[in-house]
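Results of the structural survey
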Amino acid sequence: MLTSKINLLIYLAVWRRPEITELCFMGIERMKKHSAYNINTLAVISEPEMIQLCNKYDIEWTMQDNYPLGKKKNAGLKKAKQIDFDYLMEIGSDDLITNELLTQYLDYYGKYEFFGITDAAYIESESGVCKRLISEKSTYGAGRIISR
């Protein structure tokens, strides 16, 4: 049983598609209202145009070229180490996490160093085609949690 709020850092790399990224940021804004969490967010951006969007949603950002992607993500993780958090949740700038998932995760903090989802739905935004994927052997990147 938790005795205090979880300090969660939501970490994401952002590239293009500001309209979809804004939907993601709106989802993060909703998640920040979850009473069991203190949530901060760090976005690794590659375009100056994204600064205004990050500022609109009070999202801390760092700038890094998008290529190679590994270098971009490592630059973000280096910045993340300067932020106070207990756990890091990695998402994509096109991912939406439900409040129910945040509640389900409460049972795993303190028990596991790494955990995440094994069931995800993917929606192709232009066509509306949806596909559900269930993994029995590994977690998906969207919403995975890593302890500090």
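Bear in mind the structure is a predicted one, so any value in this text is a computation, not a measurement.

A complete count under the given rule lists 0 disulfides for this structure. In this structure C24 is not part of a disulfide, and its nearest cysteine sulfur, from C54, lies 10 Å away. The class for C54 is buried, based on a relative accessible area of 1%.

Here helix α1 (residues 18-31) spans 20 Å end to end across 14 residues, near enough to the 20 Å set by a 1.5 Å rise per residue. Within α1 the residues assigned to the buried category are T21, C24, F25, G27, I28 and M31. When α1 is viewed along its axis, its buried side chains cluster within an angular range of 155° and face the same direction. Here the buried face of α1 lies against β1 (6-13), β2 (37-45), α2 (50-56), β4 (87-92) and α4 (99-105).

What follows covers unusual backbone geometry. That bond from Y67 to P68 is cis: its omega, -5°, falls within 30 degrees of zero. For P68, the location among the structural elements is in the loop between β3 (60-63) and α3 (69-80). One non-glycine residue, D58, adopts positive backbone phi at about 55°. Examined against the element boundaries, D58 turns out to sit in the loop between α2 and β3.

With that settled, the discussion passes to the packing of aromatic side chains. Considering all chains together, one arrives at 9 aromatic pairs under this definition. Judged by centre distance (5.9 Å) and plane angle (75°), the rings of Y37 and Y109 are edge-to-face. With a gap of 72 residues between them, Y37 in strand β2 and Y109 in the loop between α4 and β5 (114-115) connect regions that are remote in the sequence. Of the two residues, Y37 and Y109, neither departs from the other in class, the shared state being buried. Considering the side-chain rings of Y122 and Y140, the 6.4 Å spacing of their centres and the 80° angle between planes classify their relative orientation as edge-to-face. Linking Y122 in strand β6 (residues 119-123) with Y140 in the loop between β7 (130-134) and β8 (144-147), this pair joins segments that are 18 residues apart in sequence.

Definitions and limits used
Residues numbered from 1 in each chain as written. Predicted model: local features only at pLDDT ≥ 70, side-chain atom pairs only at ≥ 80, totals over all residues. Heavy atoms only, no water. Disulfide = S-S within 2.5 Å. Buried < 20%, exposed > 50% of the residue type's maximum accessible area, 1.4 Å probe, protein only. Helix = DSSP H or I, 4+ residues; strand = E, 2+ residues; numbered from the N terminus. Expected span 1.5 Å × (residues − 1). Arc of directions from axis to C-beta. Contact = heavy atoms within 4.5 Å. Phe/Tyr/Trp six-rings, centres within 6.5 Å; stacked < 30°, edge-to-face > 60°.

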